[in-house]
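# Examination of the molecular architecture
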Amino acid sequence: MAGIVQFHRSLWRPLSGILPGVLLLCCLASVPVRAADSRADPKIVQAVNRLTYGPGPGLLGQAEAMGLPAFIESQLNPETLAEPPGLTEALAALPSLQMDTVRLFREYGPPAEAGRDGDPEAMRRTFDRADVVALEAAKARLLRAIASPRQLQELMVDFWCEHFSLGAKKGLAHLWVGSFEREAIRPYAMGRFLDLLAATAMHPAMLIARGNWKNVVHRDGGQGAREALEPTYAALLLAHHTLGPGGPQKPADTQALARILTGWRVGAARADSDTGGFYFDVELHDPSDKTLLGQTVKGTGLGEGAAALRILAEHPATARNISRKLAVYFLTDDPPAGLVASMAETFGKTGGNIREVLRTLFTNDAFFDAKYRGGRIKSPLRHIVSSVRAMGQTPTDAAALAGALAGLGQPLFAADGPEGYLPGSASWQKPEALPRRVSFAGDLAAGRIAGLSPAAKVGVQTLTEALGPELSPAVGQAAAKAGDNGAGVILASPDFLRY
Amino acid sequence: MSAQTREYGRVGGKVRRRDVLRWLAGIGALGLVPGPALARKAGRSSGEGKAEAGGKGRETAAKAPWRTGKQLVVVLLQGGPDGLSVAAPVADPLYPFLRPTTALPADCGGVDLGSGFLLHPALSALAPLFAKKQLAVIPACAMPGQGTSHGPALAQFAAGTPTAQGKRSQSGWLGRLALALAGERSQMLVACQSDAYDGAPHYTMIAPGRGESLPGLPVEDQALFAAVGRLYGETGGALGKAFAAGREDRQEVLAKLLEESRRAAGGAIPAPHFAEFGQHFGRELAKRRDAALGFVSVGGFDTHSGQGAAKGYLADRLRETGQGLAGMLAGLGQAAEDTVIVALGEFGRSARENAFGGTDNGLGGVMLVLGGPVVGGRIYGEWPGLAGHRLAGGRDVAVATDWRDVIAPIAVRHLGLPEKKVGDVFPGFAPVSAPPGIVG
């Protein structure tokens, strides 16, 4: 079993080991605040718009004072950016945030007496609590997106949460959307792709949401196996999480991968390799040798999973798939092939170091090409978060914001399918959705969204200064003419909807 | 779990059906009749009460069973009032999530109803009644199996059975109740047309007269849309076109909703007028103690857009309704001690607010029961909760209390309706007979 333990440790290699040597000492808060004006460097505007959820008061000026390279470096090194005490306090007020997967199950999971044939009302109460825990996770995500200076990290958490989406509610996976984000996504969001892949694959939320816990082969004393393969997750892992839909995988690879992942279960720890609600049941594992993408995976139990995930993470198709998707998320729905190729090259050279892939993206000239500026439509999440940021506010309670986000068609942790909300912007330009955005902006500005002060009180001046050159003179004039509606006009304007 | 959540979960568990039974038993205890138990089985042992003078063993009463002077007034709040605003579940963490712009804040000044609920502050006219324990509030109320279109739902309400799918039935439940109570001698005081009292032998209609009419539902901020629309027009391209198309569709939908809400108020007294009319109706009721029953319908609760929260359109309608109901008791004067008023809608509204700052037609609504004989001062009935899997069809507050389970015992214990005749009033309906503790 020593091999398995080693596998486990290598997966949880501390993030600090892959930090770049140069840590920036410069802190955003120490830079004097000044209003951005129309002469602001368009590259700075592009960087702020794409590496953050959008500027709050003073951010454009701060970034300009730092200079473009320093701003990008600071965002690539979130550890150097201190989170404000207000945010820490707001997060501390959400009790389920302090609990790991196992503790969440103990505190909020089904009572012992509610088994398969147990009290259905007790199960319903369990799901009641899961709804509340999931709402706390959504509140936390919004609070961080709005108030954390580690904006790029927050965007990457969003990116990966959708890439590894748990999909629509399924069983107790819903109880764990927050612990999945905290344990499987957040620590590796800018780390090594293999660590991220392994953490998501072994998390109980993923095992349940995608049915891999049911993927078993019953062995009766080493002979006569009864197969109950459940290849849904294996197929998703190949076609979506790693190689991509156009990858080299064949149906036989899906079957082989499913066999490799047999015996991955949810439950109490029984061995050193079992942790966080994951446990490996060797009795339910198919021990035969397998062939995945032309490579032999020797039957070694849990070690097969490590070998398979490594094969997938190191495959060039994965490098291209992930790089392209990142370029779509951060730049444009149809990114230039050269840019994607150089990102994929970095991916390969650095062993899937996500931070380095991002650095390649953000330092490429194509990233600052004028044709991409203002070329994207904000998702509802980005629209809501950027609005609140532009107002310079931190909500006292983000439940209403989370509800408004659901009303705009993007409920957090609840995308319909396993692919999550798509990273492109095309899907957010539907005719019926745009007037809803206007309506939301009006509600926000008028103070009808609970937990926030009205934007109208924040005023057109504050918003104009925060957004600077993002706003055209036409929007400024319309806002000025609109009187009390001015803030609403800005937050609903086409200029603000694009970035 | 936060302190608030824990509190909610704890008290939520207390509100059980057995409390309804206990409370209904209370109504009987206050009256003259030694209250027979609600359940049919139990009814055999305790006799049918002295008001039913036919004597034991004789099924056809020679004398009407109605306890003279006792009254029941039904106030139909037409259009489907929003239960989540009348009795707001402010302790439920999902409430602001489902209602980003229409949830009542916990500190809005409404009366604490207990069990994590808050009475809308605009209903402050009813607050003294709650304090005097003459007002009971029942959330998540409707008739199980009914629909959520106004026409069919009003027909089902009138028939007192969910099977009347939009068809006009031969008689209404109030009509049948009038017959069952006093036959040819029974009287009824009504102020609006309704199929609910079809079949009643006599009724007197008090014309509500002319008064304030219903203001139209508020629509979204047209100035904002006009200003923004110009900007999207100037932008042009795919974005400009998408916006224009979306705006046009949205206005069509909104126009339909506004037309629906206008029709949903048809035949009812506009809520602004009811604020005064309620007292007048109460005075007439006080003069007409030969009337066992009363009926009024109030319009203006189909809040598809611009509903508002602590203030706004719905708050104004609730204020007028509260004034009308309190006024009715005031108009009744001493007779209020013998009168029970129930106010309810044909249904409730969707748990999640819609894209127009309003709510859509939904199932579980709210019922208010007030008057001297009421053992109030608290919430009654089960509360199904707002978690996604608890909502009916994933969108509406589930129905936890059948309004007939509230009306039937009032008719039996307060008015004197023989228990065996409940089935005549509500065909196919079996009252809750679960002994306390069995439903949890």
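Residues numbered from 1 in each chain as written. Chains lettered and ligands numbered in written order. Predicted model: local features only at pLDDT ≥ 70, side-chain atom pairs only at ≥ 80, totals over all residues. Heavy atoms only, no water.

### With respect to the overall build of chain B
Looking only at helices and strands, chain B has 14 helices and 15 strands in total. Residues counted as buried form 60% of the 440 residues belonging to chain B. Residue pairs in contact within chain B that sit at least 24 positions apart in sequence constitute 76% of those at least 6 positions apart. Roughly 16300 Å² of accessible area belongs to chain B as shown, and the carbon and sulfur atoms make up 53% of that amount. (Helix = DSSP H or I, 4+ residues; strand = E, 2+ residues; numbered from the N terminus. Buried < 20%, exposed > 50% of the residue type's maximum accessible area, 1.4 Å probe, protein only. Contact = heavy atoms within 4.5 Å. Areas by Shrake-Rupley, 256 points an atom, 1.4 Å probe, with all protein chains shown as cover.)

### Let's talk about the pairing of strand 1 (residues 71–78) of chain B
Residues and elements named next belong to chain B. Of all 8 residues making up strand 1, 8 are buried, and the element is well covered by its neighbours. The alternating pattern of strand 1 places Q71, V73, V75 and L77 and L72, V74, L76 and Q78 on opposite faces, both of which are buried. Relative to strand 10 (residues 339–345), strand 1 runs parallel, the two being bridged by 7 bridges. Bridge pairing links L76 to L344 in strand 10. In terms of strand pairing, strand 1 meets strand 9 (residues 291–299) through 7 bridges, oriented parallel. Of the residues in strand 9, the one forming a bridge with L77 is V298. (Pairing = 2+ DSSP bridges.)

### Overview of the side chain of K378(A)
All names here are of chain A. Examined against the element boundaries, K378 turns out to sit in the loop between helix 17 (354–362) and helix 18 (380–390). No salt bridge is formed by the buried K378, whose closest oppositely charged neighbour, E470, lies at an N-O distance of 5.0 Å. Of the polar contacts made by the side chain of K378, one reaches the side chain of S386; its length is 3.0 Å. Residue contacts for K378: discarding those within four places in its chain leaves H383, S386, W428, R437, F496, L497, R498 and Y499. (Lys, Arg positive; Asp, Glu negative; His and termini not counted. Salt bridge = Lys/Arg side-chain N within 4 Å of Asp/Glu carboxyl O. Polar contact = N/O pair within 3.5 Å; in protein donor to acceptor, adjacent residues only side chain to side chain.)

### What to know about the interface of chain B and chain A
The interface of chain B with chain A comprises 34 residues on the first partner and 43 residues on the second. Carbon and sulfur atoms make up 69% of the surface buried where chain B meets chain A, a total of about 3200 Å² over both sides. Residue E121(A) is joined to R390(B) by a salt bridge in which the shortest nitrogen-to-oxygen separation is 3.1 Å. Applying the counting rule to chain B against chain A returns 8 residue pairs in polar contact (both at pLDDT 80 or more). (Buried area = accessible area lost by both parts, 1.4 Å probe.)

### Overview of the confidence of the model for chain A
For any part of a model where pLDDT is low, the fine detail of the predicted coordinates should not be relied upon. When pLDDT is averaged across chain A, the result is 89; 90% of the residues are at 70 or more. Note that residues 1–38 of chain A has pLDDT below 50 and, in this model, 63 contacts with residues that lie over four places away or in other chains. (pLDDT = per-residue confidence, 0-100.)

### Concerning the nonpolar core
If you look at soluble globular proteins, the nonpolar side chains tend to sit buried side by side. Core analysis: the biggest nonpolar cluster contains 270 residues, and M156(A), W160(A), F330(A), W173(B) and L177(B) have the highest contact counts within it. In terms of residue count, the dominant contributor to this core is helix 7 (residues 120–147) of chain A (12 residues). In this structure W160(A) touches I185(A), A189(A), F193(A), L196(A), I322(A) and I354(A), once residues within four positions along its chain are discounted. (Core = buried A, V, L, I, M, F, W, Y, C linked by side-chain atoms within 4.5 Å.)

### Some thoughts on the packing of aromatic side chains
Residue and element names in this part refer to chain B. As enumerated under the stated definition, the model contains 23 aromatic pairs over all chains in all. Where W173 meets F426, the ring centres are 5.3 Å apart and the plane angle is 35°; that geometry is what we call tilted. Remark: F426 occurs in the segment after helix 14 (422–425) and W173 occurs in helix 8 (residues 173–182); sequence separation between them is 253 residues. W173 gets classed as buried once you look at its relative accessible area, which sits at 0%. When the ring of Y197 is compared with that of Y203, the centres are 4.8 Å apart and the planes differ by 65°; the resulting orientation is edge-to-face. A relative accessible area of 2% means that Y197 is categorised as buried. (Phe/Tyr/Trp six-rings, centres within 6.5 Å; stacked < 30°, edge-to-face > 60°.)

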